[in-house]
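# Summary of the model geometry
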Amino acid sequence: RLLERGDDFGEEVRVRLEMGLFLPGHWHAKAQRMRSALVANIEAALGEADVLVCPTMRSPAPPVGAARVAIGGKSLALHTAVTNLTQPFNLAGLPAISVPWALSRDGAPISMQLIGKRGHDWRVLSIAQRLEAASPWQRQRRNA
């Protein structure tokens, strides 16, 4: 489908799929082994916890329509900036959600992500709902 109808994909997705055309099959097998190791490490980090709490991004949310984001004095492509800290959990296939927590000085949302154990989607959603209701973001948003 990529070769026949490449224009059907957004540029970022199409470029990633095109890169895959140049990867040999044994690299895919190695990537799957590495993914299994990633999952094992994340599950070990969870231990007896219900969720891991991590930042969603290294900066407040970028403005709508931004193509790049400045983080730590470096300019990053938007996709890299917004997925850098969420990608390991997406690759692992674990339930994860971002929860708005506060607003930056400029009024941009700052979020945290919650990651749960495989199959514990409803637990992650339940904790996220409670945290969102208790977040300073809710008070800041009402007062803005």
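Rules behind the numbers
- Residues numbered from 1 in each chain as written.
- Predicted model: local features only at pLDDT ≥ 70, side-chain atom pairs only at ≥ 80, totals over all residues.
- Heavy atoms only, no water.
- Pairing = 2+ DSSP bridges.
- Helix = DSSP H or I, 4+ residues; strand = E, 2+ residues; numbered from the N terminus.
- Core = buried A, V, L, I, M, F, W, Y, C linked by side-chain atoms within 4.5 Å.
- Buried < 20%, exposed > 50% of the residue type's maximum accessible area, 1.4 Å probe, protein only.
- Contact = heavy atoms within 4.5 Å.
- Patch = residues over 30% accessible without salt bridge, like charges linked within 9 Å, V, L, I, M, F, W, Y side chains within 5 Å.
- Areas by Shrake-Rupley, 256 points an atom, 1.4 Å probe, with all protein chains shown as cover.
- Salt bridge = Lys/Arg side-chain N within 4 Å of Asp/Glu carboxyl O.
- 1 Å grid on protein atoms, 1.4 Å probe; cavity = no way out; pocket = protein on both sides within 12 Å on 5 of 7 lines; lining within 4 Å.
- Points joined across faces, edges and corners; volume = space filled by probe spheres on them.
- Nonpolar A, V, L, I, M, F, W, Y, C, P; charged D, E, K, R; others polar.

### Some points on the pairing of strand β5 (residues 109-116)
Pairing analysis gives five bridges linking strand β1 (residues 51-55) to β5, with the strands arranged antiparallel. When the sheet's bridge partners are listed, P55 is paired in β5 with M112. In this structure, strand β4 (residues 96-103) lies alongside β5, joined through seven bridges in antiparallel fashion. Residue pairing in the sheet places A102 in a bridge with I110 of β5. Remark: five residues form the turn of the hairpin made by β4 and β5, two consecutive strands paired antiparallel; G107 in that turn has positive phi of roughly 90°.

### So, the nonpolar core
Residues V39, I42, L46, L52, F89, A92, L94 and I115 constitute the largest nonpolar core, which totals eight residues. Elements represented by at least two residues in this core include exactly α3 (25-46) and α5 (87-92). Looking at this core element by element, the count peaks at three residues for α3. Those residues in contact with A92 that sit more than four places away from it in its chain are R35, L38, V39, I42 and R118. Ranked by size, the runner-up nonpolar core spans seven residues in total, among them V99, M112, I127 and A128.

### What about a nonpolar patch on the surface?
On the surface, a cluster of nonpolar side chains totalling about 420 Å² of accessible area is made up of L3, L21 and F22. Within the secondary structure, L21 is located in the loop between α2 (11-20) and α3.

### What to know about the layout of surface pockets
The volume enclosed by the largest pocket comes to roughly 480 Å³. Forming the walls of the largest pocket are 15 residues, and the residues nearest its centre are R16, L23, A31, Q87 and L91. Going through the elements one at a time, α2, α3, α4 (78-83) and α5 are the ones with two or more residues in the lining of the largest pocket. Tallied by class, residues from the lining of the largest pocket come to seven nonpolar, seven polar and one charged. Broken down by element, the lining of the second largest pocket gets its largest block of residues, three residues, from β5. The residue inventory of the lining of the second largest pocket, partitioned by class, reads eight nonpolar, three polar and no charged.

Such coordinate-based values are descriptive only and should not be taken to indicate function.
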